[in-house]
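Coordinate analysis (summary)
Okay, here's what each chain looks like letter by letter:
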Amino acid sequence: DNAMNMYCGSIEMKTRSAIDRKVFKLPKKIKPQNEHKDKLTDAFLEALRCKDKISRYILLYYLFEIMYGTDEYQVLKEKYKLTYGKEQCKKDRNIILFQYLQQEFDLREYSSLGNSVMLDADTLETIIKTRNDLTHRGDQSKVSSLMYNHLLPILQEVMRKL
């Protein structure tokens, strides 16, 4: 106001802009960061940005690998191992993942091409086997079908639940 008077002479102010003092107050409680959620979100967005279908499939599958590293998944895995043994536990990763998705995200069904599809361990097994075939043998025959009909819709549902 003083500078305006100095250069322009006298100015009459009828309104005055003011910022509410609450704007500058910091929150008293710090919101806890969910590292798991942030990792999943970042990995999901990174996969969607990828233009190559093989890379996209592997990057989408990486979200499952993030889930494998959670404490909740490890608890389910240990319970399964105690019940069925170590060797069976290695073979049945799909069943443990199925239980995890149901328990943590209440994921029972997902939308694929406009249809409602029930989540099942067999579909997860096919997704896992295709990823293994892709990385170990270079078999690309099921990638597009599985990625767009099942893997991506399942992960979209997970992201909605986050």
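Residues numbered from 1 in each chain as written. Predicted model: local features only at pLDDT ≥ 70, side-chain atom pairs only at ≥ 80, totals over all residues. Heavy atoms only, no water.

Overview of the overall build of the protein chain
Note the threshold: Here a strand is any run of E in DSSP of at least two residues, a helix any run of H or I of at least four, and the numbering for each starts at the N terminus. Relative accessibility decides the category of a residue: with a 1.4 Å probe and only protein chains considered, values under 20% of the type maximum give buried, values over 50% give exposed, and everything between is partly exposed. Residue contacts are defined here by distance: any two heavy atoms, one from each residue, within 4.5 Å place the two residues in contact.
A tally of helices and strands in the protein chain yields eight helices and two strands. Listed N to C, the secondary structure of the protein chain is α-α-α-α-α-α-β-β-α-α in terms of helices and strands. When burial is assessed residue by residue, the protein chain has 33% of its 162 residues classed as buried. A sequence separation of at least 24 residues applies to 63% of the contacts in the protein chain between residues at least 6 apart.

A word on helix α4 (residues 71-84)
Quick reminder of the rule: For a helix, the expected span equals 1.5 Å multiplied by the residue count minus one. Arc definition: directions from the helix axis to the C-beta atoms.
With 14 residues, α4 should cover 20 Å at 1.5 Å per step; its first-to-last C-alpha distance of 20 Å lies within 8% of that length. Every buried residue of α4 is listed here: Tyr 73, Leu 76 and Tyr 80. Down the axis, α4 shows its buried residues gathered within 65 degrees of arc, on one side only. Across α4 from its buried face, at more than 90 degrees, point the exposed residues Asp 71, Lys 79 and Leu 82. Buried-residue contacts for α4 involve α3 (53-68), α5 (86-91) and α6 (93-105). Positioned one or two residues after α4, Gly 85 has a phi angle of 95 degrees, which is positive.

Side note on the packing of aromatic side chains
Here is the rule: Each Phe, Tyr or Trp ring (for Trp, its six-membered ring) is paired with any other whose centre lies within 6.5 Å, and the angle between the two planes then decides the class: stacked below 30 degrees, edge-to-face above 60, tilted in between. Here, a charge over a ring is recorded when the distance from Lys NZ or Arg CZ to the ring centre is within 6 Å and its angle to the ring normal is within 35 degrees.
Counted under the stated rule, the structure contains six aromatic pairs. Pairing Tyr 61 with Phe 64 gives two aromatic rings, centres 5.7 Å apart and planes at 85 degrees, and the pair type is edge-to-face. With Tyr 61 and Phe 64 both in helix α3 and three residues apart, the pair spans about one turn of that helix. For the pair shown, Tyr 61 and Phe 64 are each scored as buried. Here Tyr 61 and Tyr 68 contribute two aromatic rings whose centre-to-centre distance is 6.4 Å and whose plane-to-plane angle is 70 degrees, an arrangement assigned as edge-to-face. Classification of Tyr 61 by relative accessible area gives buried; the value is 1%. Relative accessible area serves as the criterion here: at 7%, Tyr 68 is assigned to the buried category. Members of the aromatic cluster, connected to one another through ring pairs, are Tyr 61, Phe 64, Tyr 68, Tyr 73, Tyr 100 and Phe 105. If you follow Arg 93 out to its NZ or CZ, it ends over the ring of Tyr 68, 4.2 Å from the centre.

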